[in-house]
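# Remarks on the overall topology
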Amino acid sequence: MLSHLGAVVDNCLFCKIAQKQIPSSIVYEDEELMVFKDIRPAAPVHLLVIPKTHISTLSDCTAGHAPLLGRMLALAPRLAEEHGCAVTFNDDGEPSGGYKTLVNSGPDGGQEIYHLHLHVIGGPHPWKVEVARHG
Ligand code: 5GP
Ligand code: ZN
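Structure report, in brief. Since the structure is predicted, the reported quantities are computational estimates derived from the model, not experimental observations.

Taken together, Leu-13, Ser-24, Phe-36, Lys-37, Asp-38, Ile-39, Arg-40, Asn-104, Gly-110, Gln-111, Glu-112 and Ile-113 make up the full set of residues near ligand 1. Classifying every residue of the shell around ligand 1 gives four nonpolar, four polar and four charged.

In structure tokens:
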């Protein structure tokens, strides 16, 4: 099946979410991108930014994908602002708030769903996201 933007893979969970065949808590959508809440949040804020078109993993991306990847990443500060975890600085220049932006790639990178997605994970601690597997 082809959407107006590109390939949609029939058995892909996030393609189905992008096509609204499977419900999700959508917090942002435009022509190219969708953002929804992670079903198993690792922190008070846990959002997934996806392209509507199917790209299986970051390793399938080339320089031609830079604008798309840039738009995905550039959404993070706006999402953080809207969800109360923006980075702010007080009058003494001390930072507070914050979030992680994370793309897991391949089995050793911890990727479970093979449709490119950017995690935006933040909010007040305590919470801990493993960014590396050891052993
Ligand atoms: P990965 O490990 O591939 O980087 O992350 C996949 C993420 O997708 C996980 O954090 C997982 O909780 C989330 N996820 C898996 N299935 C669903 C689903 O059906 N709906 C939503 N909203 N998130 C999902
Ligand atoms: Zn897909």
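Strand direction decides the pairing type here: strand 1 (residues 26-29) and strand 2 (residues 33-37), joined by three bridges, are antiparallel. If you follow Ile-26 over to strand 2, its bridge partner there is Phe-36. Hairpin remark: strand 1 followed by strand 2, antiparallel, with three residues in the connecting loop.

Attention shifts here to the nonpolar core. With 24 residues, the main nonpolar core has Val-35, Val-45, Leu-47, Val-49, Ile-50, Tyr-99 and Val-120 as its most contacted residues. If you list the elements that add at least two residues to this core, you get helix 1 (13-18), strand 2, strand 3 (45-51), helix 2 (66-82) and strand 7 (118-122). Sorting elements by how many residues they give to this core places strand 3 first, with five residues. In contact with Tyr-99, other than residues within four places in its own chain, are Val-45, Ala-76, Ala-80, Cys-85, Val-120, Ile-121 and Gly-122.

Each α-helix turn comprises 3.6 residues. Residues three or four places apart therefore point the same way. For helix 2, which comprises 17 residues, the first-to-last C-alpha distance of 25 Å matches the rise-based estimate of 24 Å (1.5 Å per residue) to within 8%. Within helix 2, the axis deviates most sharply at Ala-76, by approximately 25°, and proline Pro-77 lies no more than four positions further along. Along helix 2, the positions that sit buried rather than exposed are Met-72, Ala-76, Leu-79 and Ala-80. Buried residues belonging to helix 2 abut strand 1, strand 2, strand 3, strand 6 (99-102) and strand 7.

We now examine unusual backbone geometry. Going from His-125 to Pro-126, the amide bond is cis rather than trans, its omega being 20°. Following the sequence through the fold, Pro-126 ends up in the segment after strand 7. A positive phi is found at Lys-20, a non-glycine position, where the angle reads about 65°. For Lys-20, the position within the fold is in the loop between helix 1 and strand 1. Since 11 C-beta atoms lie within 10 Å of it, Lys-20 is described here as exposed.

Attention shifts here to the pairing of strand 7. In terms of burial, strand 7 is largely enclosed, as five of its five residues are buried. Burial along strand 7 is two-sided: the residues Leu-118, Val-120 and Gly-122 and His-119 and Ile-121 are all buried. Both strand 3 and strand 7 contribute to a ladder of five bridges, which runs antiparallel. Directly across from Val-49, in strand 7, lies its bridge partner Leu-118. The pairing of strand 6 with strand 7 spans four bridges and is classified as antiparallel. Paired with Tyr-99 across the bridge in strand 7 is Gly-122.

What counts, and where the lines are drawn
- Residues numbered from 1 in each chain as written.
- Chains lettered and ligands numbered in written order.
- Predicted model: local features only at pLDDT ≥ 70, side-chain atom pairs only at ≥ 80, totals over all residues.
- Near = placed C-beta within 6 Å.
- Nonpolar A, V, L, I, M, F, W, Y, C, P; charged D, E, K, R; others polar.
- Pairing = 2+ DSSP bridges.
- Helix = DSSP H or I, 4+ residues; strand = E, 2+ residues; numbered from the N terminus.
- Core = buried A, V, L, I, M, F, W, Y, C linked by C-beta atoms within 7 Å.
- Buried ≥ 20, exposed ≤ 12 C-beta atoms within 10 Å, placed from the backbone.
- Contact = placed C-beta atoms within 7 Å.
- Expected span 1.5 Å × (residues − 1).
- Bend = angle between axes of the 7 residues up to and from the residue.

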